[in-house]
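Observations on the three-dimensional arrangement
Here is what each chain is made of, one letter per residue.
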Amino acid sequence: MTVECWGMQMIATRTTRERSNRLENMCWRIWHLARKKKQIAWDDARRLAKRQLEREQGRNDADDDLSELSEGEKEKGEANPSESVKDIARINSDMKLWSDDEKPRQLYIVLISMHGLVRGENMELGRDSDTGGQVKYVVELARALASTKGVYRVDLLTRQITSPEVDFSYGEPIEMLSCPSDDSGSCGAYIIRIPCGPPDRYIPKESLWPWIPEFVDGALNHIVSMATVLGEQVNAGKPTWPYVIHGHYADAGEVAALLSGALNVPMVITGHSLGRNKFEQLLKQGRHSKEHINTTYKIIRRIEAEELGLDAAEMVVTSTRQEIEEQWGLYDGFDIKLERKLRIRRRRGVSCLGRYMPRMVVIPPGMDFSYVTAQDSLEGDLKSLIDSDRNQNKRNLPPIWSEIMRFFTNPHKPIILALSRPDPKKNVTTLLKAFGECQPLRELANLTLILGNRDDIGEMSDSSSSVLINTLKLIDKYDLYGQVAYPKHHKQSEVPDIYRLAAKTKGVFINPALVEPFGLTLIEASAYGLPVVATENGGPVDILKVLHNGLLVDPHDEKAIADALLKLVAGKNLWTECRKNGLKNIHRFSWPEHCRNYLSHIEHCRNRHPTTRLEIAPIPEEPMSESLKGMEDLSLRFSIEGDYKLNGELDATNKQKKLIEAITQMAPSNGNARVTYTPGRRQMLFVIATDCYSFNGQPTETFQEIIKNVMKAGGQSLGMGRIGFVLATSSSLQEIMEALRCCEVKIEDFDAIICNSGGDMYYPWRDMVADVDYEAHVDYRWPGENVRSMVMRLARTEDGAEDDIKEYIKASSSRCYSYSIKPGVKTRKVYELRQRLRMRGLRCNIVYTHAASRLNVTPLFASRTQALRYLSVRWGIDLSKMVVFVGGRGDTDYEDLLAGLHKTIIIRGSVEYGSEKLLHSEESFKREDAVPQGSSSICFVEENYEAADISAALVSMGIK
């Protein structure tokens with residue numbers, strides 16, 4: 001007994017000690033988390049303060065420069081200090097409204113929505129966070145535009161997915177969205193699915209970034225093909241280029257920007273939701289560090305894509321003014337005050353000194369009201385559903401009605417309807433708490449939660465399953481059984497029936513989201529006669545100003561939510577008034593109205609865009625001199641009996657050699673022996689882009705060796721006549737000619753020379769004449785002399801000396817300003833310098849080169865990769881027929897050369913000194929977010945880069 005007591009005492013003591021230890025550990029954890037949260041908040045505050053200071057400095061620099069030229073403008077700005085940003089959204093008096101009565105137009109419009117599951121029918125909205133309202137919006141926009149007079153064809157580009165995880169329809173290359181009538185003058189709207197990334201995997205949008213160049217190249221091939229076909233149909237054989245390319249969300253915005261630069265056509269972006277706003281909100285919560293947020297959401301990569309969209313966009317379509325002020329206003333590339341000043345200067349015909357800001361316009365999303373039957377009786381069907389013998393009468397009623405009504409003990413009560421995906425941002429748990437805490441509301445109404453589709457909560461994503469589990473816990477906590485419906489499944493086609501059911505019960509629709517960028521569901525609900533309660537943060541503010549059919553609430557205030565719902569459910573007169581107002585004003589959100597505003601704004605913006613368009617070089621009949629160029633090694637054999645006459649009598653013994661010589665001489669000789677050269681006859685292009693420099697930035701002998709061996713390998717693999725060679729480098733033309741002076745390969749052996757980091761292009765077969773079309777192509781938004789001196793000041797660090805960076809006149813050109821960097825000095829990295837230029841309204845491409853001893857500044861879309869896309873279009877050579885040779889490292893544009901449809905051969909050991917140390921900073925994204933890992937399009941050649949090794953690499957990639 002004593003032993004047992006002693007044992008029990010020991011157990012009790014140990015249990016007490018363990019409990020104390022656990023409590024102490026928990027206290028330490030809480031203290032550590034609180035300290036970590038404070039540190040995150042402190043770091044975030046410092047970062048924001050520093051960035052705000054930099055933005056103010058950028059704005060002041062721009063103001064100083066702009067004020068020097070126009071005092072009259074300054075006086076006007078001071079005379080109207082109270083003019084609000086809402087003027088940005090207005091259609092200007094000088095803007096011509098889109099009219100169906102004008103001369104017939106046959107426009108080709110390209111929309112891009114890259115991520116998620118996109119199809120025209122039975123959309124799986126809510127299946128995951130990537131397949132939401134944006135999918136529905138872009139599909140309906142494509143259909144609406146295609147039915148607008150003057151629009152000939154609309155293509156909606158998205159990613160092709162052949163994964164067994166999803167329906168086979170997402171792997172179909174083409175899907176028709178609208179079939180036009182014979183007399184409509186249109187060929188309709190189509191979903192075009194572009195292969196991108198691993199075809200057998202469904203990739204979430206956070207992981208799609210490395211595959212964007214591949215999508216761009218595939219989209220470019222499609223657009224060029226379609227422009228050619230449409231040109232034959234409606235444009236007398238000339239290519240019909242897109243009237244506009246419109247990117248939706250950050251990923252598609254980057255795609256649209258690169259396509260716009262490659263084709264020189266206007267580009268528009270719609271953000272839908274913005275990365276910088278999300279980043280700031282997550283940091284304010286203090287739960288996760290900046291590094292953790294970036295790792296999870298790839299948020300910095302997303303922000304850079306949005307910044308590039310601002311660089312390239314003629315227009316940014318927003319849903320609300322709040323989106324302009326509080327979201328786009330956070331970006332380096334947009335400043336409301338500077339945009340307004342530049343707009344005034346353009347109207348007055350005053351120079352903007354190379355600065356540019358995109359135009360922000362508010363165009364609310366449209367809705368198809370053709371199938372809306374809001375005016376039907378508020379009794380009728382519902383009475384049939386809930387009367388005593390409803391089983392006999394419900395067979396003709398929508399099945400979803402029964403699915404919802406089965407949850408309710410008293411189905412006669414009005415329905416409070418919430419419809420969203422199960423996302424914490426949608427704030428459904430606060431709505432449940434408000435409903436559960438308010439007894440009068442529970443007595444008067446039922447609550448219906450349509451939260452996407454689910455089979456097993458345990459198999460859903462963490463955020464979705466968390467919302468649904470908390471929902472079930474709150475229903476149990478407040479004992480809401482019989483008062484809350486939460487069906488597992490619904491079809492997209494059943495959503496109108498859900499709205500109708502809520503309207504028939506004289507219910508209310510609620511959107512309690514923490515922040516709602518627009519609020520399309522509010523418009524849908526209003527079209528069916530439902531009054532609404534909505535969050536006061538975001539788009540609903542503007543919607544309710546137009547519709548006057550509901551109440552705004554603080555989404556964090558449970559009592560305010562309950563009071564607003566109770567006010568509408570209990571107040572019959574207010575409910576009726578809101579219903580009438582909504583139905584009366586809903587036409588202002590129709591798709592025809594949206595399309596008219598949309599096309600009017602685009603037409604106005606196009607007036608500022610250059611009119612030059614790419615021409616696809618015709619491929620003339622192939623001269624025999626070229627066709628025979630690579631055939632001398634094949635011991636050409638002809639069966640020629642007796643004598644053969646060609647430019648005189650030929651002896652049969654010399655027939656083979658003389659025949660080749662005679663046919664070769666058929667090309668006209670007028671002082672330019674290569675004038676008839678046509679690059680479109682090439683079957684492939686080999687692009688040599690190895691950045692071989694010594695530690696002091698001088699070209700090395702390796703550069704010459706690689707050129708010689710690549711050309712030799714190409715001739716061995718396919719024959720010299722079938723391959724064209726392009727040299728792509730950051731050096732000037734004079735430096736290239738100097739480097740090739742002692743090389744076995746002559747500069748005339750190249751089809752094109754891309755130099756100055758893509759700023760200039762020359763054709764040796766045209767006596768080394770510069771491509772003036774390319775100069776005009778990349779010239780748009782080039783600040784020119786206005787950025788020349790500013791780069792030196794902005795590239796220096798705070799403690800840098802004035803002579804750290806000097807302009808290198810010898811290597812500069814009209815489209816590339818080169819700067820030499822003193823050895824050993826620190827300069828701002830690419831991300832930081834580009835950021836500072838954007839803050840001043842200057843849009844440029846920044847490249848550090850020559851082993852970080854030189855800085856090249858070129859026009860926004862003058863780059864080596866964009867130059868290759870330009871040649872692909874001009875010469876009619878598919879990008880998949882290009883092979884790019886690079887080293888294991890290189891200039892700061894090196895990563896851009898690795899991704900895309902082209903094949904890449906990395907020659908290891910060929911580049912000893914690169915410039916990559918000046919590319920990424922702590923504030924920029926990482927290499928893995930830009931370059932696909934394990935891509936089958938990338939092959940390696942080890943340090944021994946002889947012709948045989950290169951030939952073996954070509955064979956391994958199927959090039960033989």
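Residues numbered from 1 in each chain as written. Predicted model: local features only at pLDDT ≥ 70, side-chain atom pairs only at ≥ 80, totals over all residues. Heavy atoms only, no water.

Residues in a regular strand project their side chains so that they alternate between the two faces of the sheet. Covered by surrounding structure in strand E8 (residues 359–362) are Arg359 and Val361 together with Met360 and Val362, the residues of both alternating faces. Across four bridges, strand E7 (residues 315–318) lies against E8 in parallel orientation. Across the sheet, Met315 pairs through a bridge with Arg359, a residue of E8. (Buried < 20%, exposed > 50% of the residue type's maximum accessible area, 1.4 Å probe, protein only. Helix = DSSP H or I, 4+ residues; strand = E, 2+ residues; numbered from the N terminus. Pairing = 2+ DSSP bridges.)

A separate point is the pairing of strand E9 (residues 415–419). Burial analysis of E9 places five of its five residues in the buried class, which makes it a mostly covered element. Across the two faces of E9 the burial is the same, with Ile415, Leu417 and Leu419 and Ile416 and Ala418 all buried. For E9 and strand E12 (residues 508–511), the ladder comprises two bridges, and the chain directions are parallel. Along E12, the bridge assignment pairs Ile416 with Val508.

Now for the environment of Gly697. Within the secondary structure layout, Gly697 lies in the loop between strand E17 (684–688) and helix H25 (701–717). The exposure class assigned to Gly697 is buried, which follows from its relative accessible area of 4%. Sequence-wise, Gly697 and Ala851 are 154 residues apart; in three dimensions their C-alpha atoms are separated by 5.2 Å. If we skip the residues at most four places from it in the chain, Gly697 touches His850, Ala851 and Ser853. (Contact = heavy atoms within 4.5 Å.)

Okay, the packing of aromatic side chains next. Following the criterion strictly, the structure yields twelve aromatic pairs and no others. Ring plane angle 45° and centroid distance 5.2 Å describe the contact between Trp328 and Tyr331, whose orientation is recorded as tilted. We classify Trp328 as buried; its relative accessible area is 0%. Overall, Tyr331 belongs to the buried group, its relative accessible area being 0%. Through pairs of rings, three or more aromatic residues link up here, namely Tyr499, Phe509 and Tyr528. Positioned above the aromatic ring of Tyr331, the side-chain terminus of Arg276 is 5.2 Å from the ring centre. Against the face of Phe940 rests Arg908, its NZ or CZ located 4.0 Å from the ring centre. (Phe/Tyr/Trp six-rings, centres within 6.5 Å; stacked < 30°, edge-to-face > 60°. Lys NZ or Arg CZ within 6 Å of the ring centre and 35° of its normal.)

What follows is about empty space enclosed by the protein. Summary: where empty space remains is shown by rolling a probe the size of a single water molecule over the atoms. Scanning the entire structure with this criterion turns up eleven cavities of 30 Å³ or more. Within this model, the largest cavity holds a volume of roughly 730 Å³. Around the largest cavity, the lining is made up of 33 residues, and of these Glu254, Leu308, Arg834, Asp896 and Phe925 lie nearest the centre. Put simply, the parts of the chain that give the lining of the largest cavity at least two residues each are helix H5 (249–263), helix H8 (299–312), helix H29 (830–839), strand E24 (844–849) and helix H30 (864–875). Considering every element that reaches the lining of the largest cavity, the biggest residue donor is H8, with five residues. Of the residues assigned to the lining of the largest cavity, the class counts are 16 nonpolar, seven polar and ten charged. Roughly 140 Å³ of internal volume is contained in the second largest cavity. As for the second largest cavity, its lining consists of twelve residues, and the residues nearest its centre are Ser260, Gly261, Asn264, Tyr780 and Phe861. (1 Å grid on protein atoms, 1.4 Å probe; cavity = no way out; pocket = protein on both sides within 12 Å on 5 of 7 lines; lining within 4 Å. Points joined across faces, edges and corners; volume = space filled by probe spheres on them. Nonpolar A, V, L, I, M, F, W, Y, C, P; charged D, E, K, R; others polar.)

Read from one edge to the other, the open sheet built from eight strands follows the order E21-E20-E19-E18-E17-E26-E27-E28, with strand pairing classed as mixed. Pairing within the sheet leaves two strands with one partner each, and these edge strands are strand E21 (769–770) and strand E28 (938–941). Note: strand E27 (residues 903–907) against E28, four bridges, orientation parallel. Bridging from a neighbouring strand, Ile905 pairs with Cys939 of E28.

Here we take up the sheet that holds strand E6 (residues 267–270). Taken together, the eight strands give an open sheet; going across it, the order is E3-E4-E2-E1-E5-E6-E7-E8, and neighbouring strands pair in mixed fashion. Looking along the sheet, the strands with just one partner apiece sit at the ends: strand E3 (174–178) and E8. The mean angle between the axes of side-by-side strands here comes to 25°, regardless of whether they run parallel or antiparallel. By the bridge criterion, four bridges tie strand E1 (residues 107–112) to strand E5 (residues 244–248) in an arrangement that is parallel. Its bridge partner lying in E5, Ile112 is registered against Gly247. Along the sheet, helix H3 (residues 133–146) contacts E1, strand E2 (151–159), E3, strand E4 (188–194) and E5; its crossing angle with E2, the most-contacted strand, is approximately 160°. Together, E1, E2, E5, E6, E7 and E8 form the strand contacts of helix H22 (residues 591–606), whose direction differs from that of E7 by roughly 160°. (Axes fitted to C-alpha atoms, helices over the stretch in contact; angles between N-to-C directions.)

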